[in-house]
2 protein chains.
Amino acid sequence: MAVETVYRSSRDPERLFMDKAEADRHDKMLELAERLSEVLSRAVPSLNETQAEEAGIFMARHRDLFAKAFRNNPDALSELDEQ
Amino acid sequence: MAVETVYRSSRDPERLFMDKAEADRHDKMLELAERLSEVLSRAVPSLNETQAEEAGIFMARHRDLFAKAFRNNPDALSELDEQ
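Residues numbered from 1 in each chain as written. Chains lettered and ligands numbered in written order. Predicted model: local features only at pLDDT ≥ 70, side-chain atom pairs only at ≥ 80, totals over all residues. Heavy atoms only, no water.

In the nomenclature of an unreviewed UniProt entry, chain A is known as YebG protein of Halopseudomonas pertucinogena.

Set out below in C-alpha cells:
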C-alpha cells in the first residue's frame, strides 16, 4: 500500500486523474461547456437542461475545431463528420 | 425611375442589401449558422429543427465572441449577458 496523488476537477469530483495537466484540461473543458450551456439556454429558451448540457459538452470537447469554424473556416466542422 | 444594383445571399433571397460587403457578411454568417445547426443536430439528436437553427444563428451572429471563448477565454461569453 502507498499513498498516491490524484487530481480532479471540482466540477466533476467523480473523475480522478493521475496526471495534473489532464485534470486541468478536463476542468477547462467543463468550464467552457458550462458557459456554452448557459448562453444557449438563454438564447433558445425551448431547450431543456439536458439538451443545453449535451450541446455544451459536445462543443467544448471539440473546442479546437469550433475555434477554427468561428474564426474564419466553417469547413473545419467537416472533420466532425469523419469521426 | 432608375436601375439599382442590390445584393443578396442565395441562402436568404428575400433579404436585399445595397452594400455588397454587407451581403457578403450576411452570407458568411448564414453559412456558419447552417454548419453549426448540422453538427448540433447530429450531436444532440433530440433537438428539433427549429432549435438547431436558432442555436446556429445565435452563435453565428456572435461569432467573434464565440471564437474567443473557444480559443482560450470562456469569459468572453459574459458580454452576451450585457446585451
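Moving on, there is more to tell.
1. A few points about the relation of the copies chain A and chain B
Between chain A and chain B, the superposition needs a rotation of 180° and an axial shift of 0.0 Å, giving an RMSD of 0.0 Å. Look at the turn and shift together and you get a two-fold axis relating the two. Scanning chain A for the C-alpha nearest the rotation axis identifies A:Ala67, at a separation of 2.6 Å. Comparing interface residues between copies, 100% of those in chain A also lie at the interface in chain B; the contact surface is shared. (Least-squares fit on C-alpha atoms with pLDDT ≥ 70 in both. Contact = heavy atoms within 4.5 Å.)

2. Regarding the pattern of salt bridges
All names here are of chain A. Applying the stated rule across the entire model yields eight salt bridges over all chains. Where Arg 11 meets Asp 27, a salt bridge forms, and the shortest distance between an N and an O atom there is 3.1 Å. Residue Arg 11 is located in the segment before helix H1 (20–43), and its partner Asp 27 is located in helix H1; the two are separated by 16 residues in the primary sequence. With a relative accessible area of 22%, Asp 27 lands in the partly exposed category. Each of Arg 11, Asp 27 and Glu 34 takes part in one network of salt bridges that share partners. (Salt bridge = Lys/Arg side-chain N within 4 Å of Asp/Glu carboxyl O. Helix = DSSP H or I, 4+ residues; strand = E, 2+ residues; numbered from the N terminus. Buried < 20%, exposed > 50% of the residue type's maximum accessible area, 1.4 Å probe, protein only.)

3. Examining the nonpolar core
Counting residues in each nonpolar core, the largest one holds 42 residues, and the members touching the most others are A:Met59, A:Phe66, A:Phe70, B:Met59, B:Phe66 and B:Phe70. Apart from the residues within four sequence positions on either side, B:Phe70 is in contact with A:Leu32, A:Leu36, A:Met59, A:Ala60, A:Arg63, A:Phe66, A:Ala67 and A:Phe70. (Core = buried A, V, L, I, M, F, W, Y, C linked by side-chain atoms within 4.5 Å.)

4. Some remarks on the interface of chain A and chain B
With 30 residues of chain A at the interface, the matching set in chain B holds 30 residues. Contact between chain A and chain B buries roughly 2,700 Å² in total, counting both sides, with carbon and sulfur atoms accounting for 66%. Remark: the boundary between chain A and chain B carries eight residue pairs in polar contact (both at pLDDT 80 or more). Elements represented by at least two residues in the side of chain A that touches chain B include exactly H1, helix H2 (49–61), helix H3 (63–71) and helix H4 (78–81) of chain A. (Buried area = accessible area lost by both parts, 1.4 Å probe. Polar contact = N/O pair within 3.5 Å; in protein donor to acceptor, adjacent residues only side chain to side chain.)

5. Remarks on the layout of surface pockets
Residue and element names in this part refer to chain A. Taken as a whole, the largest pocket holds about 250 Å³ of empty space. When contributions to the lining of the largest pocket are tallied by element, the ones reaching two or more residues are H1 and H2. Broken down by element, the lining of the largest pocket gets its largest block of residues, six residues, from H1. Looking at the lining of the largest pocket, its residues break down into three nonpolar, one polar and seven charged. (1 Å grid on protein atoms, 1.4 Å probe; cavity = no way out; pocket = protein on both sides within 12 Å on 5 of 7 lines; lining within 4 Å. Points joined across faces, edges and corners; volume = space filled by probe spheres on them. Nonpolar A, V, L, I, M, F, W, Y, C, P; charged D, E, K, R; others polar.)

6. Describing the pairing of strand S2 (residues 12–17) of chain B
Residues and elements named next belong to chain B. Sheet topology note: the strand S1 (residues 7–9)/S2 ladder contains two bridges and is antiparallel. Within S2, the position partnered with Ser 9 by the bridge is Asp 12. Counting the residues between successive antiparallel strands, the hairpin from S1 to S2 contains two residues. (Pairing = 2+ DSSP bridges.)

7. Here's the deal with the packing of aromatic side chains
Inspection of the entire model under this criterion finds five aromatic pairs over all chains. Centroid distance A:Phe66 to B:Phe70: 5.4 Å. Interplanar angle 20°. Geometry classified as stacked. Here the residue A:Phe66 occupies a position in helix H3, and B:Phe70 occupies one in helix H3 (residues 63–71), the pair thus bridging two chains. The exposure class of B:Phe70 is buried, given its relative accessible area of 0%. Taken together, a centroid distance of 5.5 Å and an interplanar angle of 10° make the contact between A:Phe70 and B:Phe70 stacked. Placement of the pair is A:Phe70 in helix H3 and B:Phe70 in helix H3, with the two residues belonging to separate chains. An aromatic cluster of at least three residues, connected via ring pairs, comprises A:Phe58, A:Phe66, A:Phe70, B:Phe58, B:Phe66 and B:Phe70. (Phe/Tyr/Trp six-rings, centres within 6.5 Å; stacked < 30°, edge-to-face > 60°.)

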